[in-house]
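Examination of the molecular architecture
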Amino acid sequence: MSKALQGGGQPVEEQGGTRRDFLYLTAGAMGAIGTAAVVWPFIDSLNPAQDAVALASVEVDLSPVEVNQAITVMWRGKPIFIRHRDRAEIEAAEAADNDSMPDPEPDRQRIVQPPPNTPVAAATPDSDFLVVVGVCTHLGCIPLGQKPGQPRGDYGGWFCPCHGSHYDTSGRIRKGPAPKNLAVPPYNYLEEKQILIG
Amino acid sequence: MASNGTAPGSKLVKWIDHRLPIFTFMRHETHEYPTPRNLSYWWNFGSLAGIVLVIMIATGLVLAMQYAPHKDLAFDSVERIMRDVNGGWLLRYIHMNGASFFFIVVYIHIFRGLYYGSYKPPREILWLLGVLILLLMMGTAFMGYVLPWGQMSLWGATVITNLFSAIPLVGESIVEWLWGGFSVDNPTLNRFFVFHFLLPFVIVAVVFLHLWALHRFGSNNPLGIDAKGPQDKIPFHPYYTVKDAFGLGVFLIVFAAVVSFAPNFMGHPDNYIPANPLVTPPHIVPEWYFLPFYAMLRAVDFDIAIPFTGIVIIEAKLGGVLVMFGSIALLALLPWLDRSPVRSGRFRPVFKWFFWVFALDCVILGYCGSQPAEGGWIVAAQIATLWYFLHFLAILPLLSILERPKPLPASIGEPVLKGGGTLAGAAAKPMEKA
Amino acid sequence: MRALSPLRGLLMAAGLSALATGAFTTGALAAEQPGLEHYPSLDWHFEGIFGTYERASLQRGFQVYNEVCAACHGLDLLAYRNLEAIGFSPEEVKAIAAGHRVEDGPDDAGDMFERPATPADRFRSPFANAKQAAAANGGAAPPDLSLVAKRTEYGPDYTYALLTGYEETPPYAWSQENSLLPGQYFNKYRGAISMAPPLTEDLIEYSDGTGATVHQMAYDVSNFLMWAAEPHMEERKQTGIKAILFLLVFTVILYAVKRKIWAKLH
């Protein structure tokens, strides 16, 4: 320990200085890296756990849903509204397509179609399934209109009782304080009447 | 770092410091804090214990966010942490083994204090606060072990809470009050979780008092003599911060090795069986750090009666409880039992031997505690328990009077100057005589 | 390191006592009855700090569990999705899950119903609850196997020993002090046991063509159950190796820094 200091002179001190700085910097850098590596598992443990991730996508069988029927399924803790629309509802939605809506979006863009090569796509031209997240975009209430007899608002879709937002048959906001249309979750068709949400 | 007057931002620092002198305080208590220059590596374990406490609180906090304190959910929620929570297995194994390492570190810290007389004037309150921390740690560790709600959790809790039934007259009522029912059940689990969460913060508070008392007179040192002047002392930073950092590195290597390669080594396999109130494990043992106390508890297997009358004064159960708590009470009384004016065992030729016998006695007690309470193990535990009490109540007071200590060096710095060697040489020198 | 002084012995004593208690608190259960053999100690591929699970053995072990053990033993802590970790593809896992029916509900009418399992579902339990399990098995409920590899000190050696230790007649020394109750069998490691010998030669047909000897099936399923009890073991060991290498370098550097700083004192 003391040997290095036997010289005691200034040059030795200086030479040692650069090596010392290097040591200090390395130690400091490693300390910072180590701390960051230790902190990460703590932060990551707050992310959704694997059992929650496993439920992040759900398969829904649409075959029992008749025309004009609606079902609600849970996805990531939120209700998903699935409505089997008839021709009239689709036409009403398409006819309303226009840019003056609060959140303009054509009806066709809000529907994921079955892959065109499946026979279903052609077989059921008179109906389609609308899949939206059933959470009002205003302040997060659940709109009415899924069950028979519930108010469906002025535009025949859904009505949010909290602050009076009216959604149309495409789930688009038409009247009331909500700023956005009901969100369309990511989903696609696995089979002709089988969808995977998420 | 922030207290460095030339650093950028020092204006802000000065502004704050003028109104709340926290930077001055930090600088004074960590940077300038004068510390004996001859502290050995045994003095690392205090700061190490503080760091383990922080590790335990940090992991405990995130574990508590995933844990469900209900008897039907607790076991599965711990297993969910082990399986599904991101990095949950790591956090849980760190917390689980951290408890054991906390006790290893603290026990070494205590034995260091015992050897070098760190409990002697003027540090009695410092020592008492340390005993209080030990008690709080024991309570916290015991209740934490109940939380996974495995077989050992349930039956360990049952056995230990039943100790209180030994209290005359009100014992049974107290036990029911502790349980919140008629057995260790859901209410017990709930309150244990609450206290397991709360007590570590109480420990933090007492640790601050412990530090406050420490900084009043500064650290003891391997020579056990007071500093004669500034030449005997060095600022805590950077000398002891870097030494503590190096010690921490060594500690973390050992800790990481156990967590990674043998995480269940110090645990009990029975705790991977969900709690079952109908089946008692064949052999209930507490965690290893309680084994010496457990041995003393079981050593009293006889009633204490008035001779020739058969009138029982103290039943065996109560006797065991009194002995167990008495063993910790003796630690608290230590500053008044050992009156020798010489602190360091290095200059106490007889005390030194008894110290090692005492350490061995504790290991023997621990081993007895791990064995079934039958036959020779009870006798061994009784002898070892007797020795434990003799050490405090007879040997130490007698040594205070009878022992002739070796001459003390004139100052901490003296051996350095005389020997012309290094600091480490100063620490090693008296040892060569040992 | 010269400064590591007179209390060195104490540290060692503390370490030794920790070792000793760790080793002995759990001991003394094996071979308490006369005439029993000690549990065998197999060489497992996952042992040691670099140990990993044999994927092929785990998959075969799952097959053994699924076709033999699952009739009586649950694996409640596992979900079908976990099987992807032992090398099954997502499609295979989906097919395995769909082969089991789990209870769900209540439906709109308030009734519980059964549906095919999905990968997110936990393994289906063979019995609704412990009482039913006991009633269906002559009073001895078959334990859940999720943690069987961790709940004895023998680890997977325990299940291997149970599965391979059956013998027709107990040895004389054992029979002197013990006897089999009706419905019990003799196992040379455990003594009396309520589980009938579950494995026979070629009981199942391994999908990878491995010969299904009793040894092979016991080995594979013990491997599988070890994984089931400690699914993150490989990650744990690899994380540990990296952390320790980092800490070794860091600590050496800290030691050098310490020496540099302390050199100023002289």
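Cut-offs used in this document
Residues numbered from 1 in each chain as written. Chains lettered and ligands numbered in written order. Predicted model: local features only at pLDDT ≥ 70, side-chain atom pairs only at ≥ 80, totals over all residues. Heavy atoms only, no water. Helix = DSSP H or I, 4+ residues; strand = E, 2+ residues; numbered from the N terminus. Buried < 20%, exposed > 50% of the residue type's maximum accessible area, 1.4 Å probe, protein only. Contact = heavy atoms within 4.5 Å. Domains from an automatic or database assignment. Buried area = accessible area lost by both parts, 1.4 Å probe. Salt bridge = Lys/Arg side-chain N within 4 Å of Asp/Glu carboxyl O. Disulfide = S-S within 2.5 Å.

All right, on to the overall build of chain A then. A tally of regular secondary structure across chain A gives 4 helices and 9 strands. Relative to its full complement of 198 residues, chain A shows a buried share of 38%. Relative to all contacts within chain A whose residues are 6 or more apart in sequence, the contacts with residues 24 or more apart total 53%.

Let us look at the domain arrangement of chain B. All names here are of chain B. Along its sequence, chain B is organised into domain 1 (30-222 + 233-263 + 280-284) and domain 2 (298-420). With centres defined by C-alpha atoms, the gap from domain 1 to domain 2 works out at 24 Å. Counting residues at the interface gives 30 residues for domain 1 and 29 residues for domain 2. When domain 1 packs against domain 2, the two sides together hide about 2,600 Å² of surface, and 70% of this comes from carbon and sulfur. Taken together, the links from domain 1 to domain 2 amount to 1 salt bridge.

Looking now at the state of the cysteines. Throughout the structure, instances matching the rule amount to 1 disulfide over all chains. Note that Cys141(A) is cross-linked by a disulfide to Cys162(A), the S-S spacing being 2.0 Å. Between Cys141(A) and Cys162(A) the disulfide shows an S-S torsion of about -100 degrees. By sign, it is left-handed. Here the residue Cys141(A) occupies a position in the loop between β4 (128-133) and β5 (156-160), and Cys162(A) occupies one in the loop between β5 and β6 (165-168), the gap between them amounting to 21 residues. Free of any disulfide, Cys368(B) has its nearest neighbouring cysteine sulfur in Cys362(B), separated by 12 Å. Of the residues examined, Cys368(B) reaches a relative accessible area of 2% and is grouped as buried.

On to the interface of chain A and chain B, then. Counting residues at the interface gives 11 residues for chain A and 12 residues for chain B. Note on chain A versus chain B: buried area summed over both sides is about 1,100 Å², and carbon and sulfur give 62% of it. On the chain A side of the interface with chain B, the three residues burying the most area are Phe42(A), Ser45(A) and Asp51(A), jointly 44% of the side's total. Arg80(B) serves as the salt-bridge partner of Asp51(A), at 2.6 Å between the closest nitrogen and oxygen.

So, on to the pattern of salt bridges. Evaluated as defined, the whole model comprises 34 salt bridges over all chains. Its salt-bridge partner being Arg81(C), residue Asp84(B) comes within 3.1 Å of it at the nearest N-O pair. With Asp84(B) in the loop between α4 (74-83) and α5 (88-116) and Arg81(C) in the loop between α2 (55-67) and α3 (90-98), the pair connects residues from two separate chains. Salt bridges sharing common partners tie together Arg85(A), Glu94(A), Asp107(A), Arg108(A) and Asp128(A).

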